[in-house]
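A look at the structure
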Number of protein chains: 2
Amino acid sequence: MINKYCIIMAGGIGSRFWPLSKNNYPKQFLDILGTGKSFIRSTFERFLPIVPAENFLVVTNAAYKNTVLEHIPELKPDQVLCEPMRRNTAPCIAYACYRILSQHQNALIAVTPADHLVTNEIEFHKIIKTGFDFVSKENNQEALLTIGIQPSRPETGYGYIELHEGDNPLGTVSAIQGFKEKPNLERAKEFLAAGNYLWNSGIFIWSLQGILKAYHKFLPEMAEIFDGGKQQFGTDQEQKFIDSHFALCENISIDYGIMERAEKRYTIPAEFGWSDIGTWGSLFTHAGKDNNNNACKGKTYVHNTKNCIVNVEDGVEAIVEGLDGYLVAYRDHSLLVCQLSNEQHIKEWVEEL
Amino acid sequence: MINKYCIIMAGGIGSRFWPLSKNNYPKQFLDILGTGKSFIRSTFERFLPIVPAENFLVVTNAAYKNTVLEHIPELKPDQVLCEPMRRNTAPCIAYACYRILSQHQNALIAVTPADHLVTNEIEFHKIIKTGFDFVSKENNQEALLTIGIQPSRPETGYGYIELHEGDNPLGTVSAIQGFKEKPNLERAKEFLAAGNYLWNSGIFIWSLQGILKAYHKFLPEMAEIFDGGKQQFGTDQEQKFIDSHFALCENISIDYGIMERAEKRYTIPAEFGWSDIGTWGSLFTHAGKDNNNNACKGKTYVHNTKNCIVNVEDGVEAIVEGLDGYLVAYRDHSLLVCQLSNEQHIKEWVEEL
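Since we're looking at a predicted model, the values are computed, not measured. (Residues numbered from 1 in each chain as written. Chains lettered and ligands numbered in written order. Predicted model: local features only at pLDDT ≥ 70, side-chain atom pairs only at ≥ 80, totals over all residues. Heavy atoms only, no water.)

Digging into the packing of aromatic side chains
Convention followed: Pairing of aromatic side chains requires ring centres within 6.5 Å, counting the rings of Phe and Tyr and the six-membered ring of Trp. Pairs whose planes differ by under 30 degrees are stacked, by over 60 edge-to-face, and all others tilted. Helical segments are the DSSP runs of H or I of at least four residues, strand segments are the runs of E of at least two, and each set is numbered from the N terminus. Ring-over charges, as used throughout, are those where CZ of Arg or NZ of Lys falls within 6 Å of the ring centre and within 35 degrees of the ring normal.
All chains considered together, the criterion is met by 37 aromatic pairs over all chains. Centre to centre, the rings of B:Phe134 and B:Tyr266 are 4.9 Å apart; their planes meet at 65°, and the pair counts as edge-to-face. Of this pair, B:Phe134 sits in helix 4 (residues 121–136) while B:Tyr266 sits in strand 10 (residues 265–270); the two residues are 132 residues apart in sequence, bridging distant segments of the chain. Here the aromatic cluster, defined as three or more aromatic residues joined through ring pairs, consists of A:Tyr95, A:Tyr98, A:Phe226, A:Phe233 and A:Phe241. A:Lys4 extends its terminal NZ or CZ atom over the ring of A:Phe132, reaching a point 5.7 Å from the ring centre. Directly above the ring of B:Phe124 sits B:Arg46, whose terminal nitrogen or CZ lies 5.8 Å from the centroid.

Observations concerning the pairing of strand 17 (residues 334–339) of chain B
Counted only if it meets this: Note on exposure labels: buried denotes an accessible area under 20% of the residue type's maximum, exposed denotes more than 50%, and partly exposed covers the range between, all computed with a 1.4 Å probe on protein chains only. The criterion for strand pairing is that DSSP finds at least two bridges linking the strands in question.
The buried fraction of strand 17 of chain B is high, at five of six residues. Bridge analysis of strand 15 (residues 317–321) of chain A against strand 17 of chain B gives four bridges, and the strand direction is parallel. Opposite A:Ala318, over in strand 17 of chain B, you have B:Leu335 as the bridge partner. As paired elements, strand 16 (residues 326–331) of chain B and strand 17 of chain B share six bridges and run antiparallel to each other. The partner of B:Tyr326 across the bridge, within strand 17 of chain B, is B:Gln339. Connecting strand 16 of chain B to the next strand, strand 17 of chain B, in antiparallel fashion are two residues, including B:Asp332 with a positive phi near 50°.

Observations concerning the interface of chain A and chain B
Going by this rule: By definition, residues are in contact when any of their heavy atoms lie within 4.5 Å. When two parts are put together, the accessible area they lose, computed with a 1.4 Å probe and summed over both, is reported as buried area. Salt bridges are counted wherever a side-chain nitrogen of Lys or Arg sits within 4 Å of a carboxyl oxygen of Asp or Glu.
The partner chain B presents 32 residues to the 32 residues of chain A that form the contact. For the pair chain A and chain B, the summed buried surface comes to about 2700 Å²; carbon and sulfur atoms form 62% of the total. For the pair chain A and chain B, the interface holds two salt bridges. As a salt-bridge pair, B:Lys22 and A:Glu317 come within 3.9 Å of each other at their nearest N and O atoms. Those elements that place two or more of their residues in the side of chain A that touches chain B are strand 13 (299–303), strand 15, strand 16 (326–331), strand 17 (334–339) and helix 11 (346–352) of chain A. Counting residues per element, the side of chain A that touches chain B draws most heavily on strand 17 of chain A, at six residues.

Some words on the sheet that holds strand 16 of chain B
So the rule is basically this: Throughout, an axis means a line fitted to C-alpha atoms (over the contacting stretch in the case of helices), and angles, computed between N-to-C directions, take values from 0 to 180 degrees.
One open sheet holds the six strands; their spatial order is 13(A)-15(A)-17(B)-16(B)-14(B)-12(B), and the pairing between them is mixed. Looking at the sheet topology across the chains shown, the edges are occupied by strand 13 of chain A together with strand 12 (295–297) of chain B. Here the average twist between neighbouring strands, direction ignored, is 5°.

Looking at the environment of B:Ala193
Residue and element names in this part refer to chain B. Mapped onto the elements of the fold, Ala193 is located in helix 5 (residues 185–194). On the accessibility criterion, Ala193 (69% relative accessible area) is exposed. Here the alpha-carbon distance between Ala193 and Pro154, two residues 39 residues apart in the chain, equals 9.0 Å.

Remarks on the pattern of salt bridges
Residues and elements named next belong to chain A. Applying the stated rule across the entire model yields 30 salt bridges over all chains. The shortest N-O distance in the salt bridge between Lys27 and Asp115 comes to 3.6 Å. Of this pair, Lys27 sits in the loop between strand 1 (4–9) and helix 1 (39–47) while Asp115 sits in the loop between strand 4 (108–113) and strand 5 (117–118), placing them 88 residues apart in sequence. Taken individually, Lys27 and Asp115 each receive the classification buried, so the pair is uniform in this respect. Residues Glu190 and Arg187 are paired through a salt bridge, measuring 3.7 Å at the closest nitrogen-oxygen approach. Taken as a pair, Glu190 and Arg187 lie in helix 5 (residues 185–194) at a separation of three residues, close to a single helical turn.

Notes on the relation of the copies chain A and chain B
We apply this condition: Least-squares fitting of one copy onto the other uses the C-alpha atoms of those residues that reach a pLDDT of at least 70 in both copies.
Each copy superposes on the other: chain A lies on chain B with an RMSD of 0.1 Å after a rotation of 179° and an axial shift of 0.1 Å. In symmetry terms, the pair is related by a two-fold rotation axis.

Some details on the confidence of the model for chain A
Low pLDDT means the predicted coordinates in that region are not meant to be read closely. Test applied: Each residue carries a pLDDT score, the predictor's confidence in it, ranging from 0 to 100.
Mean pLDDT over chain A stands at 93; residues scoring 70 or higher make up 99%. Quick note on the complex model: pTM equals 0.76, ipTM equals 0.74.

Quick notes on helix 4 of chain B
Residue and element names in this part refer to chain B. Our working definition: Given a helix with a known number of residues, its expected span is that number minus one, times 1.5 Å. Any pair of N or O atoms that falls within 3.5 Å is considered a polar contact. Within protein, one atom must be able to donate a hydrogen and the other to accept it, and sequence-neighbouring residues count only if both atoms are side-chain atoms.
Between its first and last C-alpha, helix 4 extends 22 Å over 16 residues, near the 22 Å set by a 1.5 Å rise per residue. Among the residues of helix 4, those classed as buried are Phe124, His125, Ile127, Ile128, Gly131, Phe132, Phe134 and Val135. Two or three places before Ile122, at the opening of helix 4, Asn120 has a side-chain oxygen 3.3 Å from that residue's backbone nitrogen.

Structure follows, in structure tokens:
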């Protein structure tokens, strides 16, 4: 019995990609880059060569359960875990780990966000396998491993992992010195120049026993809540237990709650074309462009236009003329035209609207 | 029995207002200005104080018959005349006049496009009544009258009516010296400075007998075609006759075919807030504006934006940021973003798309 599991965290609401992503259709279900597959589908397929389909768990909101099953029909309905409310990543991951505990005490687990981009899957598979190998060793049972991304620019939108100074080769497990919050530009430039900082990808690998120990040590109240449901997980009483106990969990991320406090924490410096595509700007960076540096998706005709994103849903046609550096997006009865450089204000405008 | 009739010409396809107007929904059915009424509805209501509802005829394409009846439910279906194909205004008006002939030999007729704007209806009613009075006089039976609009700018998009030099007061019938095609800017400025030129509104008033005589004199072949159907007009054989004979008619406008050749032709210089709203620019001129000179229609939020048209259909919401002098329009799955100054290219772009 293969003991490798994958937890896909798919609870995001992704308001930054309005109007493409909205509460009723968040980013993980979109094919923003025009690859032909949604982010969540790509995430599933990316792990499928390593983890058998029956060992995936998707954690999401009940409202999205059917959508998840439409995007990943290989899953059985009970592989989609429904959070009654958003409680950040620590409770989300705990829920999935306790479900796994009901099935396989010696599981090895990869945890991944549902809505990130990876362009080099071959390299990705090497890294994930290296991670699984590492945490499967008997003396590494308590190791908590997060994948670190070799930075290519002084990005201020990501958290950073600090390594010990010295040689930290790509693809090799290194100990983590510490975590750094999203820096300002000056700090980000220092991180890049120093050479021993990585972007924190939010992809984790650990053994089930290792992460359960960490929950008991660093988030003991949360562990106690879930321990109280041990008899319910994997049974038809599970959802009832979750619905009545999940809200009791602290709203805290796995990074703050466990990784920053843990002792045996490791990373693998990696380069596999990763991006969280967290902004229109990062989408623009990773999308295919026409000769005038426009990233167009959908039936579009652009004229006298450069450095723009034009993104319209299927069934809609668009003509765009005379723009430079703009975002033009239409989905689900909502239209946005704005300067790409002002995308950080989208949320405010949506509220004004 | 009231002998005043109104013919509304509603055969246009209005490709200049793409994406608002398309073949399946031309301009006359739109409420481009956000008045709460379509152009054709406003046209009907504008004449209703003068012409009883049962004396209206709308000439359109068969494809639009139901749409006309939705916009003007006061009409009976047989008041909507269906052209089998577009053949310009002379055959269109002839068809309606021969229908009227089957009902009322001594009718007085106003002819109007379906898709023009009039802002001062009180003044409009005075002018139309003056016109009806004029053509109702026994010695004016052959008079053909067209309403002329006092020009306010050197417009190059309209044809002009030349009056005899001298005093041609507003609201009073004057003889027409000649017609001028759409001028270039230099000529338009000369017309404006000369003072004896009016815009040709395309609104006509005449007696039925007067216009029938003119058809026989200046378009005798067309008159002969329609004379051949005299027994069919007003009967259930009418559509069959039209479907088999309309295509035989010359494709010619009433202006070229009759008005430019007629002897007893008159105009009334008028000022009643008229525009043909033939371009997005003229729509912009006549639409209400916000403090930043934006003409917005629909659920919109504009920010850091001025001198723009933002026009989205009901049920769609739009955010527009950082534009000056642009047109943003969405309707029926089609989006257009372009500089207002380049609107003359819209048709080309639609073909490229």
